[in-house]
Amino acid sequence: MGAWISTWTNDPADRTLPVLLCLPPAGAGCQQFRSWQPALAGTAQVYGVQLPGRENRWREPMPETFDEAVEAIAAQLRDIVADSRPLIVFGHSFGGLLGYEVSRRVAPRALVVSGCRAPGHWDGAGRGIVDDGEELDKLFDTADLDPRLLDEDTRALMVAMLRKDAQLSLSYVHQPGVRLAAPVHAWGADGDETVSSRDLDGWAAVTTAAFTRHTTTGGHHAVLRRPQPVLDQLTVLLRGAGAASDPPASARTTTGA
């Protein structure tokens, strides 16, 4: 069984830095976060979560349940932060839900999610993808992509992996329980047809600390395709400035209850 968590730097000095754990959306692997390491050089060591069935783990079977995946990720994360290294968790879409449940097991300094429904809003989310694929185009968010990047074979592979992750998400049942003690930041996009402002505001219920909603321009994957605003915010959090700091000027912010 391969590693659930990877990093892209072997410099011993980086292992004294705060940890940024990044969880990708459904149907994707963590290599997309590789470029975040040089962007955050000297500020954090970036780690990516890699579920089976993709990239370097494509031959491995998917976990049976959502909880099985969360427990495996959390077990490896505990070793990474064993020396009390500060931890920030970032997850996009399905990765945000995984990141939340991991954060309930390994406490971060802050949780940052983007394009992700609040846990209490996940009931049945992904069923359309599993059943008939009606939500695929919305989730792929292809409006501003070069068509050559989504040829027929590539799209078929993405659809297959996306459906497997959607199936995994259907095994998720939110148990409210104890709320997070860390601040939560929820990023959304004004053109996202799959996650509403109400879905984002629901994140306020999962924490006893501050909650902030940030809005940027674009579709479902806007934050990943133009990541500088969220990287700016993550830099502030990683440097210990805290959730009360002002967000980047390139994003609009609404503070929830």
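The structure contained in this document is the topic of the report that follows. (Residues numbered from 1 in each chain as written. Predicted model: local features only at pLDDT ≥ 70, side-chain atom pairs only at ≥ 80, totals over all residues. Heavy atoms only, no water.)

A separate point is the packing of aromatic side chains. For the coordinates displayed, the defined rule picks out 7 aromatic pairs. When the ring of Phe-94 is compared with that of Trp-122, the centres are 6.3 Å apart and the planes differ by 55°; the resulting orientation is tilted. Placement of the pair is Phe-94 in helix α3 (residues 94-103) and Trp-122 in the loop between β5 (110-114) and α4 (127-131), with a sequence separation of 28 residues. The exposure class of Trp-122 is buried, given its relative accessible area of 10%. Where Tyr-100 meets Trp-203, the ring centres are 5.7 Å apart and the plane angle is 80°; that geometry is what we call edge-to-face. Placement of Tyr-100 in helix α3 and of Trp-203 in the loop between α7 (197-201) and β7 (211-216) is noted, with a sequence separation of 103 residues between them. The exposure classification of Tyr-100 matches that of Trp-203, with both residues buried. Site record: aromatic cluster; members linked through ring pairs are Phe-66, Phe-94, Trp-122 and Tyr-172. The ring of Trp-4 is capped by Arg-57, whose NZ or CZ atom sits 4.6 Å from the centre of that ring. (Phe/Tyr/Trp six-rings, centres within 6.5 Å; stacked < 30°, edge-to-face > 60°. Helix = DSSP H or I, 4+ residues; strand = E, 2+ residues; numbered from the N terminus. Buried < 20%, exposed > 50% of the residue type's maximum accessible area, 1.4 Å probe, protein only. Lys NZ or Arg CZ within 6 Å of the ring centre and 35° of its normal.)

Next up on the list: empty space enclosed by the protein. In total, this model carries 2 cavities of 30 Å³ or more according to the counting rule given. Taken as a whole, the second largest cavity holds about 40 Å³ of empty space. Along the walls of the second largest cavity sit Pro-24, Pro-25, Ala-26, Ala-28, Leu-51, Arg-54, Phe-94, Leu-98 and Asp-165, which together make up its complete lining. Of the residues in the lining of the second largest cavity, the class split is 7 nonpolar, no polar and 2 charged. (1 Å grid on protein atoms, 1.4 Å probe; cavity = no way out; pocket = protein on both sides within 12 Å on 5 of 7 lines; lining within 4 Å. Points joined across faces, edges and corners; volume = space filled by probe spheres on them. Nonpolar A, V, L, I, M, F, W, Y, C, P; charged D, E, K, R; others polar.)

With that settled, consider the packing of helix α2 (residues 66-80) against α3. Between two packed helices, the angle of one axis relative to the other and the distance separating the axes together describe the packing. Direction vectors running N to C along α2 and α3 enclose 60°, while the axes themselves pass 9 Å from each other. Comparing their axes, α3 and α2 come out oblique. Here the hand of the crossing between α2 and α3 comes out right-handed. Between α2 and α3, the residues in contact are Phe-66, Val-70, Ile-73 and Leu-77 and Phe-94, Leu-97, Leu-98, Glu-101 and Val-102, respectively. Tallied by class, the residues present in the contact of α2 with α3 amount to 8 nonpolar, no polar and 1 charged. (Axes fitted to C-alpha atoms, helices over the stretch in contact; angles between N-to-C directions. Parallel < 35°, antiparallel > 145°, perpendicular 65-115°, else oblique. Left-handed = near helix turned anticlockwise from the far one by under 90°. Contact = heavy atoms within 4.5 Å.)

Of all the 10 residues making up α3, 10 are buried; the element is thus mostly covered by neighbouring parts of the structure. Among all positions of α3, only Phe-94, Gly-95, Gly-96, Leu-97, Leu-98, Gly-99, Tyr-100, Glu-101, Val-102 and Ser-103 are buried.

On to the environment of Pro-108, then. Tracing the chain through its elements places Pro-108 in the loop between α3 and β5. Of the residues examined, Pro-108 reaches a relative accessible area of 12% and is grouped as buried. When neighbours within four sequence positions are excluded, Pro-108 is seen to be in contact with Leu-87, Val-89, Ser-103 and Ala-182.

Attention now goes to the pattern of salt bridges. Per the counting criterion, the structure on display carries 7 salt bridges. Two residues, Arg-117 and Asp-199, come together in a salt bridge whose shortest N-O distance is 3.9 Å. Here Arg-117, found in the loop between β5 and α4, pairs with Asp-199, found in helix α7; they are 82 residues apart in sequence, far enough to count as distant. Taken together, the salt bridges that share partners define one network made up of Glu-71, Glu-101, Arg-104 and Arg-105. (Salt bridge = Lys/Arg side-chain N within 4 Å of Asp/Glu carboxyl O.)

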